[in-house]
Amino acid sequence: MTTEPKPSAPPLTERQEARRRRILHASAQLASRGGFDAVQMREVAESSSVALGTLYRYFPSKIHLLVATMQDQLQHLHETLRKRPPTEEDPAARVAQTLMRAFRAMQREPHLADAMVRALTFADRSVSPEVDTVSRLTTTIILDAMGLDGPPTPEQLSAVRVIEHTWHSALITWLSGRASIAQVKIDIETVCRLIELTAPPPP
């Protein structure tokens with residue numbers, strides 16, 4: 001017996017999108033002030049002027065909400081990077097520069113960064129679509145920085161996944177006080193050398 005695929009959710013109306021943006025803004029504001037524990041669904045509902053039941057229809061849990069908040073933050077970063085792309089000539093250096101810009105954006109809001117990374121760490125299968133979206137967006141940011149002439153090879157995509165994992169791990173170790181900014185920079189620059197190793201040979 002085959003199961004029918006679930007139909008995709010209809011796009012949000014302008015009013016629903018505005019409500020969602022208010023919710024995400026409230027989530028980011030609360031997290032910026034007090035971290036993961038400060039993001040309470042009732043306070044988010046009150047701050048964004050929506051009913052608590054409405055909030056849960058958009059985001060079934062605090063984890064869903066904070067992962068969506070990270071997606072929103074990455075989208076803003078992606079837009080900024082497109083307006084001001086990395087300046088390095090070498091693809092590996094461009095990716096390292098891009099990820100350090102992303103890291104410094106997180107560094108400016110350490111409570112928010114901690115809340116979003118903890119949510120990603122705690123996410124179970126019910127949050128898989130949201131986590132996958134964050135991962136795809138991170139991959140897109142890295143690929144844009146690489147500036148490939150064509151589609152990436154399987155080896156290049158594998159390198160991107162390792163770079164993404166390293167960046168996420170670097171965030172966790174920095175947030176827990178186990179790595180300095182200087183060490184994070186070294187780790188990111190080191191892993192970005194995979195881009196050179198997986199580049200296809202010139203024709």
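Up top you'll find the structure we're talking about.
The rules behind the values
Residues numbered from 1 in each chain as written. Predicted model: local features only at pLDDT ≥ 70, side-chain atom pairs only at ≥ 80, totals over all residues. Heavy atoms only, no water. Salt bridge = Lys/Arg side-chain N within 4 Å of Asp/Glu carboxyl O. Helix = DSSP H or I, 4+ residues; strand = E, 2+ residues; numbered from the N terminus. Buried < 20%, exposed > 50% of the residue type's maximum accessible area, 1.4 Å probe, protein only. Phe/Tyr/Trp six-rings, centres within 6.5 Å; stacked < 30°, edge-to-face > 60°. Lys NZ or Arg CZ within 6 Å of the ring centre and 35° of its normal.

Evaluated as defined, the whole model comprises four salt bridges. Between aspartate 114 and arginine 118 there is a salt bridge, and its shortest N-O distance comes to 3.8 Å. Within this pair, aspartate 114 and its partner arginine 118 are both found in helix 6 (residues 110-122), separated by four residues, close to a single helical turn. A relative accessible area of 29% places arginine 118 in the partly exposed class.

Summed over the entire model, instances satisfying the criterion amount to three aromatic pairs. A centroid spacing of 6.5 Å and a plane angle of 35° characterise the contact between tyrosine 58 and phenylalanine 59, whose relative ring orientation is tilted. Overall, phenylalanine 59 belongs to the buried group, its relative accessible area being 5%. Note on phenylalanine 103 and tryptophan 174: the rings are 5.1 Å apart at their centroids and 65° apart in plane angle, and the pair reads as edge-to-face. Linking phenylalanine 103 in helix 5 (residues 91-108) with tryptophan 174 in helix 8 (residues 154-175), this pair joins segments that are 71 residues apart in sequence. Judged by relative accessible area, which is 16%, tryptophan 174 ranks as buried. When the ring centre of phenylalanine 36 is taken as reference, the NZ or CZ atom of lysine 62 above it lies at 3.9 Å.

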